[in-house]
Amino acid sequence: MTFFDNFVEYAPLFIEASWVTLRLTAVALVIAMVLGGVIAWMVMSRFGPLRWLATAYIGVIRGTPLIAQIFVLYFGISEIVKMPAFWAGALALAAHNSAYIAEIFRSGFQAVPRGLVEASRSLGMSKRKTLRRVQAPLALRTTLPVLGNQYIIAVKDSSLVSFIGMTELFQTSRNLQAQNYEPLQMYLMVSVYYLAIVLALTFVVNRLEHSLSKHRRPVEGSSGGSDGGGLRLPVWGRNRKAEGRA
Amino acid sequence: MTDAHRGQPLVSMRNIVKTFGDNVVLDGVDLDVYPGEVVVLIGPSGAGKSTLLRCINGLERISSGTIEVDGQQLSYQESAMNRIRSRIGMVFQAFNLFPHMTVAQNIMMAQQDVLGRSASEARQRAEELLGRVGLEEKADAYPDSLSGGQQQRVAIARALAMDPAVMLFDEPTSALDPELVGEVLHVMRELADAGMTMVVVTHEMRFARRAADRVVLMADRQIVEEGTPEQVLDNPTSDRGQAFLRQLSED
């Protein structure tokens with residue numbers, strides 16, 4: 001059987017598994033965004049213990065392998081309650097990503113020029129209103145490309161959840177190669193699906209970034225339409241687009 | 001404006017001391033600003049002019065001394081501070097327009113969020129003020145598409161929209177290309193002529209001469225000279241004042 005024949009044959013299986021991966025990652029990222037926001041707030045807090053706690057959390061998460069975190073959480077949780085692999089995996093991914101997302105939020109807030117905060121405060125805007133109307137929207141704009149990157153990493157990292165018996169995209173390829181003894185084909189095939197997901201995600205983030213940066217003056221004649229140094233479609237994609245317009 | 005010193009001062013600062021760590025920036029400064037008065041602060045860089053200005057609306061916290069604005073003692077309690085800040089307009093050297101909002105939204109935000117005006121009321125006021133600074137056609141543009149001079153005029157309109165009792169200008173033309181300075185000074189002169197109370201930190205001596213009721217010369221963390229533009233700029237009595245003006249004329 002050629003790669004192409006196999007591709008067609010297994011497509012329904014892989015597409016179904018892609019949905020599992022997407023759901024898993026989406027649930028994990030929603031939790032991670034909320035948790036990351038709280039942790040970023042703690043890191044920037046003036047209250048020492050909160051700051052130390054959050055800093056320690058980020059340090060531990062960043063300093064240990066994701067696969068270890070997944071195992072620790074999975075076996076740790078199943079000691080207490082019986083939890084489906086999906087939720088154990090989602091929680092582990094959420095915990096992991098929340099540390100990185102907290103750092104992204106923090107740097108985004110710190111990148112908002114002090115003068116803009118002062119301008120808002122000098123108009124009589126409270127701290128809270130300044131946060132909501134000035135700091136948060138501006139921080140979102142600078143963090144969006146970096147967040148997009150983190151989302152992409154999260155999609156690929158979700159493959160590690162296969163090790164706790166979750167039949168998501170990567171586990172599907174592992175199962176198939178055990179049946180048909182075509183490991184090279186199966187792992188190439190699964191890579192195609194990951195790549196497709198990542199490219200689609202990149203496209204969405206780029207569009208979002210573009211619509212959020214409408215306040216920026218378009219820079220005529222700049223190379224490759226660089227608007228803020230974030231995610232890039234592969235070069236061939238850009239070139240094709242450029243040719244199409246010319 | 002010989003009558004300017006009558007009545008209650010709008011801003012009254014007594015014995016202001018400000019330190020950053022071991023570094024003393026203001027060392028016992030007294031300053032009164034009366035309603036309708038235009039006070040121009042000049043002096044060598046590092047004299048503490050901008051810091052003094054930023055103390056008036058609490059962007060810098062004083063180390064000791066007292067500040068009264070509009071009859072109220074300045075307190076650093078959040079809601080009292082916000083109330084008093086909404087009465088004090090501030091214009092910054094770097095314009096500080098909110099880049100994610102249109103020009104009109106920049107001017108409308110605090111009107112709605114602080115003064116509780118409706119969107120249509122705030123929009124109307126924004127358009128009226130944009131007309132006053134000569135930018136009515138820029139209401140829906142984003143700040144990035146404006147020149148520095150235009151941005152600073154929007155910043156002035158944004159501050160005026162709060163109907164402030166006093167306007168503070170912190171080197172409003174220092175970040176501008178020379179050819180754009182005039183349009184900003186023009187708006188400021190019109191404001192002064194309309195009777196707005198203003199405290200202006202600037203290096204523009206022509207503005208000081210033409211618009212100031214009183215020129216205050218600061219040097220070495222203190223006020224060293226104070227009086228009409230003619231007195232201070234033409235016949236300074238202090239050594240530091242004479243040295244500063246000699247330096248200016250050499251430039």
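Look above for the structure.
Residues numbered from 1 in each chain as written. Chains lettered and ligands numbered in written order. Predicted model: local features only at pLDDT ≥ 70, side-chain atom pairs only at ≥ 80, totals over all residues. Heavy atoms only, no water.

**Q** So what's going on with helix H6 (residues 127-157) of chain A? Which residues, and what values?
**A** Taking 1.5 Å per residue, 31 residues should reach 45 Å; H6(A) reaches only 37 Å between its end C-alpha atoms and comes up short. Of all the bends in H6(A), the greatest, near 50°, is centred on A:Thr143, and the proline A:Pro145 appears no more than four residues after it. (Helix = DSSP H or I, 4+ residues; strand = E, 2+ residues; numbered from the N terminus. Expected span 1.5 Å × (residues − 1). Bend = angle between axes of the 7 residues up to and from the residue.)

**Q** Provide a residue-level description of the layout of surface pockets, including the pertinent values.
**A** Quantified by volume, the largest pocket comes out at close to 1,300 Å³. Every residue lining the largest pocket is counted, 27 residues in all, and those nearest its centre are A:Arg46, A:Arg114, A:Val117, A:Lys127 and A:Gln135. Contributions of two or more residues to the lining of the largest pocket are made by helix H1 (3-43), helix H4 (85-110), helix H5 (114-122) and H6 of chain A together with helix H2 (78-85) of chain B. Partitioned by chemical class, the residues of the lining of the largest pocket number twelve nonpolar, six polar and nine charged. (1 Å grid on protein atoms, 1.4 Å probe; cavity = no way out; pocket = protein on both sides within 12 Å on 5 of 7 lines; lining within 4 Å. Points joined across faces, edges and corners; volume = space filled by probe spheres on them. Nonpolar A, V, L, I, M, F, W, Y, C, P; charged D, E, K, R; others polar.)

**Q** Tell me what's going on with the sheet that holds strand E5 (residues 72-73) of chain B, and back it up with residues and numbers.
**A** The strand order E2-E1-E4-E5 (chain B) describes an open sheet built from four strands, whose pairing is antiparallel. Edge positions in the open sheet fall to strand E2 (23-33) and E5 of chain B, since each of these has one partner strand only. (Pairing = 2+ DSSP bridges.)

**Q** Give a detailed account of the packing of helix H7 (residues 169-180) of chain A against helix H8 (residues 183-212) of chain A, specifying residues and quantitative values.
**A** All names here are of chain A. Direction vectors running N to C along H7 and H8 enclose 160°, while the axes themselves pass 8 Å from each other. The pairing of H7 with H8 is recorded here as roughly antiparallel in orientation. In the crossing of H7 with H8, the sense of the turn from one axis to the other is right-handed. Side by side, H7 and H8 meet where Leu169, Phe170, Ser173, Arg174, Leu176, Gln177 and Asn180 of the first sit next to Pro183, Met186, Tyr187, Val190, Tyr193, Tyr194 and Ile197 of the second. Looking at the contact of H7 with H8, its residues break down into ten nonpolar, three polar and one charged. (Axes fitted to C-alpha atoms, helices over the stretch in contact; angles between N-to-C directions. Parallel < 35°, antiparallel > 145°, perpendicular 65-115°, else oblique. Left-handed = near helix turned anticlockwise from the far one by under 90°. Contact = heavy atoms within 4.5 Å.)

**Q** Kindly report on the interface of chain A and chain B, identifying the contributing residues and their values.
**A** Think of interface size as the accessible area that goes away when the parts come together; that is how it is often given. Of the residues lining the interface, 23 residues belong to chain A; the matching set on chain B comes to 26 residues. In total, about 2,200 Å² of surface goes out of reach between chain A and chain B, with carbon and sulfur atoms giving 58% of it. Taken together, the links from chain A to chain B amount to three salt bridges. For A:Arg133, the salt bridge goes to B:Asp113, with nearest N and O atoms at 2.8 Å. The tally of links between chain A and chain B comes to eight residue pairs in polar contact (both at pLDDT 80 or more). Only H5 and H6 of chain A provide two or more residues apiece to the side of chain A that touches chain B. Element by element, the count of residues in the side of chain A that touches chain B is highest for H6(A), at eight residues. Of the residues contributing to the side of chain A that touches chain B, the split by class is seven nonpolar, six polar and ten charged. (Buried area = accessible area lost by both parts, 1.4 Å probe. Salt bridge = Lys/Arg side-chain N within 4 Å of Asp/Glu carboxyl O. Polar contact = N/O pair within 3.5 Å; in protein donor to acceptor, adjacent residues only side chain to side chain.)

**Q** How would you summarise the packing of aromatic side chains if you had to cite specific residues and measurements?
**A** Residues and elements named next belong to chain A. Summed over all chains, the structure comprises seven aromatic pairs over all chains. Summarising the aromatic geometry, the rings of Phe3 and Phe7 are spaced 6.1 Å apart at their centres and angled 40° between planes, so their arrangement reads as tilted. Here Phe7 and Phe3 lie together in helix H1, a separation of four residues that amounts to about one turn. The exposure class of Phe3 is partly exposed, given its relative accessible area of 31%. (Phe/Tyr/Trp six-rings, centres within 6.5 Å; stacked < 30°, edge-to-face > 60°. Buried < 20%, exposed > 50% of the residue type's maximum accessible area, 1.4 Å probe, protein only.)

**Q** Please set out the nonpolar core residue by residue, giving values where relevant.
**A** All names here are of chain B. Core analysis: the biggest nonpolar cluster contains 51 residues, and Ile156, Met167, Phe169, Met188 and Met198 have the highest contact counts within it. Of all the elements, helix H6 (residues 178-193) adds the most residues to this core, at eight residues. In this view, Phe169 contacts Leu53, Val91, Ile156, Met188, Leu191, Met198, Val199, Val200 and Val201; residues no more than four positions away in its chain are not counted. Judged by nonpolar contacts, the second largest core, of 46 residues, contains Ile16, Leu26, Ala47 and Ile56. (Core = buried A, V, L, I, M, F, W, Y, C linked by side-chain atoms within 4.5 Å.)

**Q** Run through the pairing of strand E8 (residues 198-201) of chain B, naming residues and quoting values.
**A** Residue and element names in this part refer to chain B. With burial as the criterion, each face of E8 is covered, one bearing Met198 and Val200 and the other bearing Val199 and Val201. As defined by bridge partners, strand E3 (residues 38-42) adjoins E8 across four bridges and the pair is classed as parallel. Bridge pairing links Val39 to Val199 in E8. Bridge count between strand E7 (residues 166-170) and E8: four bridges; the pairing is parallel. Counted as the bridge partner of Asp170 is Val201 from E8.

Any functional reading would require information beyond the geometric quantities listed.
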